[in-house]
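# Remarks on the overall topology
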Amino acid sequence: MNHSQNVDHESVLRARAILLGSGRIGLHEEIRAYRVLAQVGPLTYLPKLVRALLMLSHLEFRDRPEIQLNLVAEALTAVRRLDASEPKRTELLIETLNDYQHQLYTLGRRAEGFAVREEMALTGRRAFKDGKVDSPVFGCGPLAAGLAEEGRHLEAAQLYGEMVEAVRSGGDPSDGRLWWPMVEWSAELDAAGLHDAAIDAFTELSAAGRAELEGGRSSLSIRVWELVRLAQLLDARARHGEARTARGEVLTLLAELAATGERKSWSNIVDWWTVLLGLSGRADEQPAPGEPAPPFGSPDGWSPDIRRAYVEGRTALEETVAVLTPLARRDPRRHLAELITVQRRLTIRSAVHQRGHHYRFMENLRPLFDEGVTLARRSAGLGEDQGTDVLARALTDRSTLLVAGKQYAEAHDDFQEAAALLG
C-alpha cells in the first residue's frame, strides 16, 4: 500500500518543519505533526503519536476522564495500525490497552473495561507463543485483578498461580519478585475457599521472605508483617501450634527492632503493611450480591471505581460509628460488637487510603487504632467468649501500625500482650 496517496504534501512539509525547528514546541503541536506524518511514515511516526497521546492524557487531562478516554482511544487506533511484525508492537499495544481499560473503569464502564483486560491477556499469550515476549503471562495482571473484583476467585487464583510459576521459572525466587504475586495468589486461594492451599502459598512466601532477610534484601518490618499474616491464616484453620511459632518469631524480630532498629535503612515499605492489613479485614467487607469488591492482596490492581467507592465509603462508616457509640455505652452487650466491626472497617480503609500518601500517616491513623484497642478492652471486660480474641486482634493491628511508624518498643509491648492473650 502506498501511504502517500491522498496526503497533502504541503501539510507533510509543514509537519516536518515543525518537528525539525529550532524552537521548543508544545505537545499539542507535536501530536498534530505526528498525525500527518504517520500517514506517510507509519513505522516511524505511529509509535511517536501513540506515546504523545498517552502523555497528553496523563499530563493535561487527569481530572477529565472522558477526554482521556478519547485520547487513549485514538492512541489505540494508531497502535493497531502498526504492522504485526513490528518488534515493539506488543508492548506498546498492551501499554495502550492498559490505559484504555483504566479509563473505562474510571467511568464505570466495567464490562467494557473487563473485555479490554481479556484482550490484553490474550495478546500477551499470543506474543509469547510467537516468541515476541519472554513471559507466558505478559499482560495478564489486570485480568487477574478483574476476576478477583468480580468474585471469580478460583479463576483469579489459577491465573495468579500461573504468574507465580512464571516468576519461579525465571530465576532466583528469593530475589523479591515473588513476593507480590505470591500474596495475590494466596489471597485468591483463600477467597475461593481453598484455605489450606492459601496457607501453603503463604508459607512458601514466608520461606522466601526469610531468605531475603538473611541476604539483606528485605527489612525486619516486612518480615514482621508477613509473619503476622501467616499466623492469622493459621489461626483461622485452627492450626494454633504453627500460629504460635510464627508469633514467637515475630516477638524475636520486634525485640531486635526495639533494641537496635532496622539492620539498614529502608524507605517506602509502608505499602507492604497496608496491603496485608487490608487483606486481614476482607471478611468484614462482603459486597452485596452481584456487586464487585476490591481485589484484596493486590497492591496496584484495584480498578479506579472500586478504589474510589472503597475510600468514599468511609463517610458512611463514620456516620455509623457516631450512631453506635452512644448505643454501645448504654447497652454494650447488644451494640459493642457491631461498633468494633464498623470501627475496624473504618480504620483499615483509612490505612489503605494512606497508601502512597505517607505524609503524617501516623498522626492521621494512630487515633483510630488506639480507639480500636480501647473498644476491644471494653469487649474483653464483658467476659464474653470472643472478647480475648477481639482484644488480641486490636493489639496486633496497632502493633503493625507502630512498626510502620518505627515505634518499635511500643509495637513489641502490644504484640507481646496479644500473644499472651492467644496463649
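Every value quoted in this text rests on a predicted model; they were computed, and no experiment measured them. (Residues numbered from 1 in each chain as written. Predicted model: local features only at pLDDT ≥ 70, side-chain atom pairs only at ≥ 80, totals over all residues. Heavy atoms only, no water.)

This brings us to the overall build of the protein chain. From N to C terminus, the protein chain includes 19 helices and zero strands. In terms of principal-axis extent, the alpha carbons of the protein chain reach across some 85 × 50 × 45 Å. Classification of the 423 residues of the protein chain by burial places 49% in the buried group. In the protein chain, once contacts between residues fewer than 6 apart in sequence are set aside, the share between residues at least 24 apart is 63%. Taken as a whole, the protein chain presents about 20300 Å² of accessible surface, with 51% of it coming from carbon and sulfur. Charge centroids of the protein chain, computed over 52 positive and 61 negative side chains, lie 2 Å from each other. (Helix = DSSP H or I, 4+ residues; strand = E, 2+ residues; numbered from the N terminus. Buried < 20%, exposed > 50% of the residue type's maximum accessible area, 1.4 Å probe, protein only. Contact = heavy atoms within 4.5 Å. Areas by Shrake-Rupley, 256 points an atom, 1.4 Å probe, with all protein chains shown as cover. Lys, Arg positive; Asp, Glu negative; His and termini not counted. Charge placed at Lys NZ, Arg CZ, Asp CG, Glu CD.)

The next point concerns the pattern of salt bridges. Evaluation of the coordinates by the stated rule reveals 29 salt bridges. In this structure, Arg51 and Glu95 form a salt bridge, with 2.5 Å as the shortest nitrogen-oxygen distance. Placement of the pair is Arg51 in helix H3 (residues 42-60) and Glu95 in helix H5 (residues 89-106), with a sequence separation of 44 residues. Accessibility expressed as a relative area gives 43% for Arg51, which makes it partly exposed. A salt bridge links Asp397 to Arg344, with the nearest nitrogen and oxygen atoms 2.7 Å apart. (Salt bridge = Lys/Arg side-chain N within 4 Å of Asp/Glu carboxyl O.)

This brings us to the side chain of Arg117. On the secondary structure map, Arg117 appears in helix H6 (residues 110-129). Lacking a salt bridge, the buried Arg117 has Glu149 as its closest oppositely charged neighbour, with an N-O distance of 4.4 Å. Here the side chain of Arg117 touches Gln101 through a polar contact of 2.8 Å, side chain to side chain. (Polar contact = N/O pair within 3.5 Å; in protein donor to acceptor, adjacent residues only side chain to side chain.)

Each α-helix turn comprises 3.6 residues. Residues three or four places apart therefore point the same way. With 14 residues, helix H2 (residues 27-40) ought to run about 20 Å at 1.5 Å a step, and its terminal C-alpha atoms sit 20 Å apart, in line with that. Where H2 is concerned, the buried positions are Leu27, Ile31, Ala33, Tyr34, Val36, Leu37 and Ala38. (Expected span 1.5 Å × (residues − 1).)

On to helix H9 (residues 179-191). Between its first and last C-alpha atoms H9 spans 18 Å; for 13 residues at 1.5 Å apiece the expected length is 18 Å, and the two agree. Most of H9 sits out of view: twelve of its 13 residues are buried. Those residues of H9 not exposed but buried are Trp179, Trp180, Pro181, Met182, Val183, Glu184, Trp185, Ser186, Ala187, Glu188, Leu189 and Asp190. Contact partners of the buried residues in H9: helix H7 (141-149), helix H8 (153-168), helix H10 (195-214), helix H11 (220-236) and helix H13 (270-280).

Within the secondary structure, Gln343 sits in helix H16 (residues 332-353). Contacts of Gln343, omitting those with residues within four sequence positions, involve Val321, Leu368, Glu371, Gly372 and Leu375.

Helix-helix packing is characterised by the crossing angle of the two axes and by the distance between the axes. Remark: helix H17 (residues 361-381) packs on helix H18 (residues 387-404), axes separated minimally by 8 Å, with the N-to-C direction vectors making an angle of 165°. Taken together, the axis directions place H17 and H18 in an arrangement best described as roughly antiparallel. The chirality of how H17 crosses H18 is left-handed. Residues Phe361, Met362, Leu365, Arg366, Phe369, Asp370, Gly372, Val373, Ala376, Arg377, Ser379 and Ala380 of H17 touch H18, and the partners they reach there are Gly387, Val390, Leu391, Ala394, Leu395, Asp397, Arg398, Leu401, Leu402 and Ala404. The residue makeup of the contact of H17 with H18, split by class, is 14 nonpolar, three polar and five charged. (Axes fitted to C-alpha atoms, helices over the stretch in contact; angles between N-to-C directions. Parallel < 35°, antiparallel > 145°, perpendicular 65-115°, else oblique. Left-handed = near helix turned anticlockwise from the far one by under 90°. Nonpolar A, V, L, I, M, F, W, Y, C, P; charged D, E, K, R; others polar.)

Attention now goes to the packing of aromatic side chains. Counting across every chain of the model gives eight aromatic pairs. Plain terms: the ring middles of Trp180 and Trp272 are 5.2 Å apart, the flat faces sit at 45° to each other, and that makes the pair tilted. Linking Trp180 in helix H9 with Trp272 in helix H13, this pair joins segments that are 92 residues apart in sequence. Overall, Trp180 belongs to the buried group, its relative accessible area being 18%. A centroid spacing of 5.7 Å and a plane angle of 85° characterise the contact between Phe296 and Trp302, whose relative ring orientation is edge-to-face. In textbook terms, an aromatic cluster arises when at least three aromatic residues are bridged by ring pairs, as seen for Trp179, Trp180 and Trp272. (Phe/Tyr/Trp six-rings, centres within 6.5 Å; stacked < 30°, edge-to-face > 60°.)

One finds Val224, Trp225 and Trp273 to be the most contacted residues of the largest nonpolar core, which totals 93 residues. Ranked by residue count, the leading element in this core is H11, at ten residues. Excluding residues that lie within four positions of it along the chain, Trp225 makes contacts with Ile269, Val270, Trp272, Trp273, Leu276, Thr400, Val403 and Ala404. Counting 32 residues, the second-largest nonpolar core is a separate cluster that includes Ile31, Leu82, Leu93 and Tyr100. (Core = buried A, V, L, I, M, F, W, Y, C linked by side-chain atoms within 4.5 Å.)

So, about the environment of Arg152. Positionally, Arg152 belongs in the loop between H7 and H8. If sequence neighbours within four positions are ignored, Arg152 has contacts with Phe114 and Leu147.

In this section: unusual backbone geometry. Even without a glycine there, the phi angle at Ala238 is positive, about 60°. Tracing the chain through its elements places Ala238 in the loop between H11 and helix H12 (240-260). One non-glycine residue, Lys406, adopts positive backbone phi at about 65°.

To continue, consider the environment of Thr203. Looking at where Thr203 falls in the secondary structure, it is placed in helix H10. Looking at Thr203, the relative accessible area reads 38%, which means it is partly exposed. Between the C-alpha atom of Thr203 and that of Val224, which follows or precedes it by 21 residues, the distance is 14 Å.

For the pair H7 and H8, interaxial distance at closest approach is 8 Å and the crossing angle is 155°. Classified by the angle their axes make, H7 and H8 are roughly antiparallel. H8 is crossed by H7, and the crossing has left-handed handedness. Of the residues in H8, those in contact with Gly141, Leu143, Ala144, Ala145, Leu147 and Ala148 of H7 are His153, Glu155, Ala156, Leu159, Tyr160 and Met163.

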